[in-house]
Amino acid sequence: EKEQNLNELKSRFITTASHEFRTPLATILSSVSLIAKYELTEENDKRKKHISRIKSSVNNLTEILNDFLSLGKLEEGAITNNPVSFRLDEFSKELIEELKTTAKTDQIIEYIAEKADVIVKIDKQLLKNILINLLSNAIKYSGEGKKIEFKTHLDKGELIISILDHGIGIPDEDQQYLFQRFFRAKNAGNIDGTGLGLNIVKKYVELMDGKISLKSKLYEGTKVIVKIPNNK
């Protein structure tokens, strides 16, 4: 059964990748061709515009590959839960710094910790993968200048994380399917994505014996809450 699932995943990957890769690769190719034509100093703004398009397309390709690699490893049982102790606020701030390069103009990720200097014992890499995915979604589905709220606190031996965006929101009828593989909400439109991100996040959370829930309102935004046991 596991082998059959992996074969289906590989088949779906080929179909999805051939479709998803085409647009960013075409964008990179056309932008590189145009940059080669801009030789004058006064054309610097045009060069910058196309460099930005190339960066965006490369980020998109990386995201697609990461999603498929993560899902493949999860299906093979190659990922395990290995809790380590670390300081939560420092970890969270470093993560936000990493994601700043992918944020849109004037988007701010506001980190709110209940207390400073909190030490947790959780799988650091799995938590990082979860947060990168959820915060990247908040960035992707929110407009320029929108604030993203990222909160953490401990309650009765659980780490509780909430991420709130003020983006496009998700239609009510689509919300029950969001954690299924390859599913994308109707209003995702031309926004890049594989439909795998939330499915992978849910698998990571369950691997850590945690829970994930989501609330969303169309045109107002989305709030995701993750609860993970703190292995003290």
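Below or above, wherever it landed, is the structure these notes cover. (Residues numbered from 1 in each chain as written. Predicted model: local features only at pLDDT ≥ 70, side-chain atom pairs only at ≥ 80, totals over all residues. Heavy atoms only, no water.)

## Here we look at the pattern of salt bridges
Close approach of charged atoms lets side chains of opposite charge pair. For clarity, the cut-off: Put simply, a salt bridge is a Lys or Arg side-chain nitrogen that is within 4 Å of an Asp or Glu carboxyl oxygen. Runs of E in the DSSP output that reach at least two residues are strands. Runs of H or I that reach at least four are helices, and both are numbered from the N terminus. Accessible area is worked out with a 1.4 Å probe on protein chains only. A residue is then buried under 20% of its type maximum, exposed over 50%, and partly exposed in between.
The tally for this structure, following the rule as stated, stands at 10 salt bridges. One salt bridge in this structure joins Lys140 and Glu63, with 2.7 Å as the shortest N-O distance. Within this pair, whereas Lys140 is found in helix α4 (residues 124–140), its partner Glu63 is found in helix α2 (residues 44–76), the two being separated by 77 residues in sequence. For Lys140, a relative accessible area of 17% corresponds to the buried category. In this structure, Asp117 and Arg87 form a salt bridge, with 2.8 Å as the shortest nitrogen-oxygen distance. In this pair, Asp117 is assigned in the loop between β2 (108–113) and β3 (119–122) and Arg87 in strand β1 (residues 84–87), connecting sequence segments 30 residues apart. Looking at Arg87, the relative accessible area reads 30%, which means it is partly exposed. When salt bridges that share partners are traced, they join Arg87, Asp89, Glu90 and Asp117 into one network.

## Description of the side chain of Lys140
Put simply, the rule is: Here a polar contact is recorded for every N or O atom pair within 3.5 Å, except that within protein the pair must consist of a potential hydrogen donor and a potential acceptor, and residues adjacent in sequence are included only if both atoms are side-chain atoms. The criterion used for residue contact is that any of the two residues' heavy atoms lie within 4.5 Å.
At a separation of 2.7 Å, a polar atom in the side chain of Lys140 contacts the side chain of Glu63. Setting aside residues no more than four positions away along its own chain, Lys140 makes contact with Glu63, Lys104, Ile191, Asp192 and Gly193.

## Some words on the packing of α2 against helix α5 (residues 197–207)
Which entries qualify depends on this criterion: Angular values range over 0 to 180 degrees, each being the angle between N-to-C directions of two axes fitted as lines to C-alpha atoms, with helices fitted over their stretch in contact. What sets the label is the angle itself: under 35 degrees gives roughly parallel, over 145 gives roughly antiparallel, 65 to 115 gives roughly perpendicular, and the rest give oblique. Each crossing gets its handedness from the near helix: less than a right angle anticlockwise from the far helix is left-handed, clockwise is right-handed.
Relative orientation of the contacting elements α2 and α5 amounts to 40°, with a least axis distance of 10 Å. In terms of their interaxial angle, α2 and α5 are classed as oblique. Of the two elements, α2 crosses α5, and the hand of that crossing is left-handed. Listed contacts from α5 to Asp67, Ser70, Leu71, Leu74 and Glu75 of α2 are Gly197, Asn199, Ile200, Lys203, Tyr204 and Leu207.

## Quick word on unusual backbone geometry
The backbone of Asp117 sits at a positive phi, close to 60°, despite the residue not being glycine. Despite not being glycine, Tyr219 has its phi angle at roughly 70°, a positive value. For Tyr219, the position within the fold is in the loop between β6 (211–217) and β7 (221–229). Residue classification places Tyr219 among the exposed residues on the basis of a relative accessible area of 70%.

## So, the packing of aromatic side chains
As a reminder of what qualifies: Stacked, tilted and edge-to-face are the three classes applied to pairs of Phe, Tyr and Trp rings, where Trp contributes its six-membered ring and a pair requires centres within 6.5 Å; stacked means planes under 30 degrees apart, edge-to-face means over 60, and tilted covers the rest.
Scanning the model with the defined rule gives three aromatic pairs in all. Summarising the aromatic geometry, the rings of Phe86 and Phe91 are spaced 5.1 Å apart at their centres and angled 55° between planes, so their arrangement reads as tilted. For Phe91, a relative accessible area of 7% translates into the label buried. Consider the rings of Tyr177 and Phe183, whose centres lie 5.6 Å apart with planes at 50°: the pair is tilted. In this structure Tyr177 comes out as partly exposed when scored by relative accessible area, which is 33%. Here Phe183 falls in the partly exposed class, since its relative accessible area comes to 22%.

## What to know about the side chain of His50
Looking at the element boundaries, His50 is found in helix α2. Judged by relative accessible area, which is 5%, His50 ranks as buried. In contact with His50, not counting residues within four places along its chain, are Ser31, Leu34, Ile35 and Tyr38.

## Remarks on the pairing of strand β4 (residues 147–155)
To keep it simple, the criterion reads: By this definition, two strands are paired if DSSP reports at least two bridges between them.
Here β2 runs beside β4; their pairing, made up of six bridges, is parallel. Paired with Tyr111 across the two strands is Phe150, which belongs to β4. As paired elements, β4 and strand β5 (residues 158–165) share seven bridges and run antiparallel to each other. Bridging across to β5, His153 finds its partner in Ile160. In textbook terms, the turn of a hairpin is the stretch between consecutive antiparallel strands, and for β4 and β5 this stretch comprises two residues, one of which, Lys156, has a positive phi near 50°.

## Brief notes about the nonpolar core
Keep this limit in mind: Only buried Ala, Val, Leu, Ile, Met, Phe, Trp, Tyr and Cys residues count toward a nonpolar core, and they belong to the same one when joined by side-chain atoms within 4.5 Å.
Leu127, Leu131, Leu135, Phe150 and Ile163 are the most contacted members of the largest nonpolar core, which has 51 residues in total. The biggest single contributor to this core is α4, with eight residues. Setting aside anything within four residues of it in sequence, one finds Phe150 in contact with Ser92, Ile96, Ile109, Glu110, Tyr111, Ile112, Leu131, Leu135, Ile161, Ser162 and Ile163.

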